[in-house]
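# Structure at a glance
The residues making up each chain are set out below.
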Amino acid sequence: MASAQSQTAALAATRSARLLDLATTIRSKNAGIYNVTFDILFDELDRYELVRDAGVLTTESVAKLFHVSVSDVVGVIAHDAGQGIKITIRRTRASGNPGDPDILGCQQHSPLYDVQVPLG
Amino acid sequence: MDELRVLSATGALGATPFDDDSFRRGMERRPHVIGADAGSNDVGPYGLGANRCYFPRDWVKHDLGVMLLAAREQGIPMVIGSAGHMGTDYGVDYHTSLIQEVARENGLAPFCLARIYTELSKEYIRGELHAGRVEALEGAPDLTDETIDATDHAVSVIGVEPYVEAFKQGAEVVIAGRSCDDAIFASYPIYRGYDRALSIHLGKVLECASVAATPYMARTAMMGTIRDDSILFEPMHPGQRCTPVSVAAHSMYEEAHPHHHRIPGGLVRLEQCQFNQVDERTVEVRGTTLEPVDLRLKIEGAGFVGYRVLGIVGVRDPLTIANLDAFIQFARDRLTKRYPQYQEGRDFHLFTHVYGKNAVMESREALAGELPHEIGILLEVMSKDEDVATLIARLFRKTLMVAEYPGQKATTGKAAILADEELRGMDSYQWTMFHTVKVDDPLAHSRIEMETVSGRSA
């Protein structure tokens, strides 16, 4: 825990951090056959609150990040008890329908790594 | 009874053999019921459409067998949902036949088994569609007569009620068709009179076994305990523990919304939940609520698209990679010219998955403009006529090997190959139904058949 706090302090010396360096888990998965959902989970409460309150994950920013229309963003929801942020977007096509290159939807999360979160 | 203990053996029965040690540790704790979820819609429409369980028989039999012997030894019920992976009638019969086989091989004393079938006929669904009782789930297109015609198999996704009915009729082993994951574990506590909302929340966490514990381990068992006003979770592998965050975060898993969970006739709400660490490895949850909503049962359907043929080629030439669109278009044009009678979308489907360049994320790729030094092209062709699929895949692949584009320097072969071959893939299916049907009775989509299974000759 001490090392996590000092890491957070070290990060604060810079003006922003990548989501990759703040979150414990960043993952994507199907939620039903028509949605892909992203979970961004944090071990440290302060990092979760930092990202939750930073305003960098919104319906609009998510639409831009994944090159989809705002209407294809189903939701961006903070989950305090789970110390996580959930993002859900429509799939390009139903899971496993002809041509689907990622049936489980588990390799759609990488653009989230590079989201810049302002510190302090 | 002060509490009821529910042991979840594995998150995916038969997908890989489960961890025997953590399951046995769970059995030593004297659970009141054991269960496992055998199915999912997660791997696409193939299993449902083709009506096949493609998990190795040996693994399915291992998981069912270890559970059955343990359950019969302690005289407790055993519950399997979404049998055979997609929960068709065939899946229920397949699992039941393995149960009978294990009973015979081990000379088990007679026990009462319930098969719960949930497959639906196209005629029934057509009737409900015309009666205005079918609705599309979010994201799905409206159901039409054409999509019903294009369906090979359809199942209803049942809630707890058919399971509770089977217990009322004396079932000691339940093998059910397609089910809400939570119902597999929630049904026995509900049958025994425990709170409905907490029972469903218990089932929701247990359906993936130890996935709600930390660190992640594959196929280890998880114990859930329900009391009057709380539920508790403890992983059965000594190297894992539950934390408030690990259990709370699991309510987000594979859900579009972290606080809401739909069941037939109800909306489970998690906003008011409290998650407390009660000892090093155990978390207690309180405060789950359940709101009644219209009684609708979800249905899933899938239908045949075509036989599937694959081809693989590699490209290293930077000029080809820089002219990739022209390179692939050359092969498409050649195909259209040679076989004008075969229309794409009607007679066949063709996909070029360019690995190394946007194959996985397609239009959603953030780095779409970057040119790699090497790519692999996976060609995927489907047609209801197997010869047409093979012919098109071969012509397209062979044409890629000699395709032309402006500014080319190399004039031998344009694509590297492992062998001069096409590969026959699994048949292609598509989802045809992801809808709900309004019903008056939660048992409307299920048929329960009771039988006595005995491993001893009469």
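Residues numbered from 1 in each chain as written. Chains lettered and ligands numbered in written order. Predicted model: local features only at pLDDT ≥ 70, side-chain atom pairs only at ≥ 80, totals over all residues. Heavy atoms only, no water.

## Quick look at the overall build of chain B
When its secondary structure is counted, chain B shows 13 helices and 21 strands. Dimensions along the principal axes, computed over C-alpha positions, put chain B at roughly 80 × 50 × 50 Å. Across the 458 residues in chain B, those meeting the buried criterion constitute 55%. A total of about 18,700 Å² of accessible surface is found on chain B, and carbon and sulfur atoms cover 48% of it. Counting 47 positive and 66 negative side-chain charges, chain B places the averaged centre of each group 3 Å from the other. (Helix = DSSP H or I, 4+ residues; strand = E, 2+ residues; numbered from the N terminus. Buried < 20%, exposed > 50% of the residue type's maximum accessible area, 1.4 Å probe, protein only. Areas by Shrake-Rupley, 256 points an atom, 1.4 Å probe, with all protein chains shown as cover. Lys, Arg positive; Asp, Glu negative; His and termini not counted. Charge placed at Lys NZ, Arg CZ, Asp CG, Glu CD.)

## Some remarks on the sheet that holds strand β14 (residues 282-286) of chain B
Residues and elements named next belong to chain B. Spatially, the ten strands line up as an open sheet ordered β13-β14-β10-β9-β1-β2-β3-β8-β4-β21, and their pairing is mixed. Two strands close off the open sheet at either side, each with one partner strand: β13 (274-279) and β21 (447-453). Pairwise comparison of adjacent strand axes, ignoring direction, gives a mean angle of 20 degrees for this sheet. The sheet contact formed by strand β2 (residues 33-37) and strand β3 (residues 78-81) spans four bridges and is parallel. Bridging from a neighbouring strand, Ala-36 pairs with Ile-80 of β3. Relative to strand β9 (residues 222-226), helix α9 (residues 196-206) is tilted by about 175 degrees, and along the sheet it contacts β1 (4-8), β9, β10 (231-235) and β14. (Pairing = 2+ DSSP bridges. Axes fitted to C-alpha atoms, helices over the stretch in contact; angles between N-to-C directions. Contact = heavy atoms within 4.5 Å.)

## Quick look at the packing of helix α8 (residues 181-191) of chain B against α9(B)
Relative placement of two packed helices is described by the angle separating their axes and the distance separating the axes. All names here are of chain B. Between α8 and α9, whose axes approach to 7 Å, the crossing angle comes to 140 degrees. Between α8 and α9, the angle is such that the two are oblique. The crossing of α8 and α9 is right-handed. Contact with α8, carried on its side by Asp-181, Asp-182, Phe-185, Ala-186, Pro-189 and Ile-190, involves Arg-196, Ser-199, Ile-200, Leu-202, Gly-203, Lys-204 and Leu-206 of α9 and no other residues of that element. The residue inventory of the contact of α8 with α9, partitioned by class, reads seven nonpolar, two polar and four charged. (Parallel < 35°, antiparallel > 145°, perpendicular 65-115°, else oblique. Left-handed = near helix turned anticlockwise from the far one by under 90°. Nonpolar A, V, L, I, M, F, W, Y, C, P; charged D, E, K, R; others polar.)

## Some details on the interface of chain B and chain A
Listed per partner, the contact involves 41 residues of chain B and 46 residues of chain A. Sorting the residues of chain B by area buried against chain A places Asp42(B), Met252(B) and Arg364(B) first, and these three jointly supply 21% of that buried surface. The interface formed by chain B and chain A includes three salt bridges. For the salt bridge of Lys29(A) with Asp42(B), the shortest nitrogen-to-oxygen distance reads 2.7 Å. For the interface between chain B and chain A, the tally reads eleven residue pairs in polar contact (both at pLDDT 80 or more). Of all elements in the fold, only α10 (244-250), β17 (349-355), β18 (375-383) and β20 (428-438) of chain B reach the threshold of two or more residues within the side of chain B that touches chain A. The element best represented in the side of chain B that touches chain A is β20(B), accounting for five residues. (Buried area = accessible area lost by both parts, 1.4 Å probe. Salt bridge = Lys/Arg side-chain N within 4 Å of Asp/Glu carboxyl O. Polar contact = N/O pair within 3.5 Å; in protein donor to acceptor, adjacent residues only side chain to side chain.)

## Structural notes on the sheet that holds strand β5 (residues 84-90) of chain A
Residue and element names in this part refer to chain A. Across the sheet, four strands lie side by side as β2-β3-β5-β4; this open sheet has antiparallel pairing. On the outer flanks of this sheet lie β2 (25-30) and β4 (73-79), each paired with one strand and no other. Between one strand axis and the next, the sheet turns by 15 degrees as a mean value, whatever way the strands run. By the bridge criterion, seven bridges tie strand β3 (residues 35-41) to β5 in an arrangement that is antiparallel. Residue pairing for β5: Ile-40 is matched across the bridge by Ile-85. Its contacts with the sheet put helix α3 (residues 45-54) on β4 and β5, and the angle it makes with β5 is roughly 45 degrees.

## Let's talk about helix α1 (residues 20-28) of chain B
An α-helix turns once every 3.6 residues. As a result, residues three or four positions apart point the same way. All names here are of chain B. Looking at α1, one finds that the buried residues are Ser-22, Phe-23, Gly-26 and Met-27. Each buried residue of α1 sits inside an arc of 145 degrees when the element is viewed along its axis, so together they form one side. Among the exposed residues of α1, those oriented more than 90 degrees off its buried face are Asp-21 and Glu-28. In this fold, the buried residues of α1 make contact with β1, β2, α3 (57-74) and β9. A positive backbone phi angle near 55 degrees is found at Arg-30, which sits one or two residues after α1. (Arc of directions from axis to C-beta.)

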